[in-house]
Amino acid sequence: MSPMKSKRMEQGWTQQQLADRVKVTRQTIALIEARKFNPSLKLCLEIAYALHTDLNTLFWEEADE
């Protein structure tokens, strides 16, 4: 499970609810969580703000992951 999905679920939000908060489609959130889409820095910041966390927590990956 991606860190972003974990944080979203901690909030009790669906992908659609997060998408609505950051003004993107649910499909965009699904692709980011599946690590199949690299969002812009602006969108990364909006997601981090919405989830009350920081960029490192959401997007930093260790080399062995």
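What you see is a predicted model, and the numbers here were worked out from it, not measured in a lab. (Residues numbered from 1 in each chain as written. Predicted model: local features only at pLDDT ≥ 70, side-chain atom pairs only at ≥ 80, totals over all residues. Heavy atoms only, no water.)

(A) Highlighting the pattern of salt bridges. Counting across every chain of the model gives three salt bridges. Between Glu-10 and Lys-7 there is a salt bridge, with the nearest N and O atoms lying 3.6 Å from each other. One end of the pair, Glu-10, and the other, Lys-7, are both in helix α1 (residues 3–11), three residues apart, so they sit about a helical turn from each other. For Lys-42, the salt bridge goes to Glu-46, with nearest N and O atoms at 2.7 Å. Taken together, the residues Lys-42 and Glu-46, both in helix α4 (residues 41–50) and four residues apart, mark about one turn of the helix. (Salt bridge = Lys/Arg side-chain N within 4 Å of Asp/Glu carboxyl O. Helix = DSSP H or I, 4+ residues; strand = E, 2+ residues; numbered from the N terminus.)

(B) Structural detail: the packing of aromatic side chains. Using the criterion set out here, one finds zero aromatic pairs in the structure. Across from the ring centre of Trp-13, 3.9 Å away, lies the NZ or CZ of Arg-21, which sits over that ring. (Phe/Tyr/Trp six-rings, centres within 6.5 Å; stacked < 30°, edge-to-face > 60°. Lys NZ or Arg CZ within 6 Å of the ring centre and 35° of its normal.)

(C) Quick peek at the side chain of Glu-33. Within the element layout of this structure, Glu-33 appears in helix α3 (residues 26–33). Within the local environment of Glu-33, its side chain forms a polar contact with the side chain of Gln-15, the two groups lying 2.9 Å apart. Residues in contact with Glu-33, not counting those within four places in the same chain, are Ser-2, Met-4, Lys-5, Arg-8 and Gln-15. (Polar contact = N/O pair within 3.5 Å; in protein donor to acceptor, adjacent residues only side chain to side chain. Contact = heavy atoms within 4.5 Å.)

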